[in-house]
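The chain contents come next:
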Amino acid sequence: MKFTKMHGLGNDYVYMDAIHQKIENESSLAQFVSNRHFGIGSDGLILICESDRADFKMRMFNADGTEAEMCGNGIRCVGKFVYDKKLTNKTTVSIETLAGIKILILNVKEGKVETVKVDMGEPILAPEKIPVMAIEEPVQNLKVKALDQEFTFTCISMGNPHAITVVEDTKNFDVERYGKILETASVFPNKTNVEFIEVIDEAHVKMRVWERGAGETLACGTGACATAVACNLNGRTNRHVYIELLRWNIRN
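The shown structure was predicted, so the numbers you read here are calculated from the model rather than taken from an experiment. (Residues numbered from 1 in each chain as written. Predicted model: local features only at pLDDT ≥ 70, side-chain atom pairs only at ≥ 80, totals over all residues. Heavy atoms only, no water.)

Caption draft 1: Examining the pairing of strand β10 (residues 149–157) more closely. Direction of pairing for strand β9 (residues 139–146) relative to β10: antiparallel, over a ladder of six bridges. When the bridges of β10 are listed, Ala146 appears paired with Gln149. Adjacent in sequence and paired antiparallel, β9 and β10 are bridged by two residues, among which Leu147 carries a positive phi angle near 55 degrees. Pairing between β10 and strand β11 (residues 161–166): four bridges, direction antiparallel. Its bridge partner lying in β11, Thr154 is registered against Ile164. (Pairing = 2+ DSSP bridges. Helix = DSSP H or I, 4+ residues; strand = E, 2+ residues; numbered from the N terminus.)

Okay, structure coming up:
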């Protein structure tokens, strides 16, 4: 079975062409390849499939085998995959996902994709569509207790659910201790991705992310977008904000 290992800002996945080879038992396969000791090692598995609605379809599985709706860094790598492997010669590519059809703009230099821009779509603020068990819309003051702390969340969907909370010091915050509890809190019917953020000033935010089904990752494209929306929604930043991730930087 052929595969390609790629990362977007450190958010790494195993990519497989499911058009020209048969992939079975996707959930179990995702768990196997994602294992960093006995497998290939990744945050999950992404399959490039045929689509009757777009140029291609992306199926994304977390490291625990669960299928997710969307992955911002992953879909950018899909753009490079389909062009560099000559599955398409288009530089504007449509990708079907469980979060809808996303449009990629490929920046090609000397026959290879150098960068990819993706239209992530409008943020979803309705609680029942995120989903989160809350009445207010937008959800800006959701209180959730984990162990010895109570967190205040702003909840947003970028095609997948995100819960964003402000902490004093992202560098020394115990993301694993609290993230794994908050991910599965009862107020999140489909679990959630959790962003722990530190607002430096109106144009600069630090972010660490506990990804649903994967644990802490180096980056999360949909999470960075959700964080930018949450910060602006709460009046903490300008509309244009620099988001500093664990080891990589991304602008929104």
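Caption draft 2: Region of interest: unusual backbone geometry. Omega for the bond connecting Ile130 with Pro131 falls within 30 degrees of zero, at -10 degrees, which places this linkage in the cis form. Glu137 connects to Pro138 through a cis peptide bond whose omega is 0 degrees. Positive phi, close to 60 degrees, is recorded for Leu9, a residue that is not glycine. The residue Leu9 is located in the loop between β1 (4–8) and β2 (11–17) in this model. Positioned with a positive phi, Lys191 is a non-glycine residue whose angle comes to about 60 degrees. The topology assignment puts Lys191 in the loop between α3 (175–183) and β12 (193–201). The class of Lys191 is partly exposed, set by a relative accessible area of 33%. (Buried < 20%, exposed > 50% of the residue type's maximum accessible area, 1.4 Å probe, protein only.)

Caption draft 3: Seen up close, the nonpolar core. Judged by nonpolar contacts, the single largest core of 44 residues is most densely connected at Tyr15, Met58, Val78 and Ile95. Sequence-distant contacts of Val78, defined by excluding residues within four places in its chain, comprise Tyr15, Ile46, Ile48, Met58 and Ile95. The next biggest cluster of nonpolar side chains, apart from the first, holds 21 residues, and it includes Val139, Phe151, Cys155 and Trp210. (Core = buried A, V, L, I, M, F, W, Y, C linked by side-chain atoms within 4.5 Å. Contact = heavy atoms within 4.5 Å.)

Caption draft 4: Summary view of the packing of aromatic side chains. Using the criterion set out here, one finds eight aromatic pairs in the structure. Aromatic side chains Phe153 and Phe188 sit 6.2 Å apart centroid to centroid with 85 degrees between the ring planes, which places their arrangement in the edge-to-face category. Remark: Phe188 occurs in the loop between α3 and β12 and Phe153 occurs in strand β10; sequence separation between them is 35 residues. Judged on exposure class, the residue Phe153 and its partner Phe188 are both buried. Pairwise contacts between aromatic rings join Phe151, Phe153, Phe173, Tyr178, Phe188 and Phe196 into one cluster. Sitting over the face of the ring of Phe81, Lys85 holds its NZ or CZ atom 5.4 Å from the ring centroid. (Phe/Tyr/Trp six-rings, centres within 6.5 Å; stacked < 30°, edge-to-face > 60°. Lys NZ or Arg CZ within 6 Å of the ring centre and 35° of its normal.)

Caption draft 5: Main features of α3. Taken together, the buried positions of α3 are Val175, Tyr178, Gly179, Leu182 and Glu183. The arc enclosing the buried residues of α3, seen along the axis, measures out at 125 degrees, which places them on a common side. Residues of α3 that are buried sit in contact with β9, β10, β12, β13 (204–211) and β14 (215–217). (Arc of directions from axis to C-beta.)

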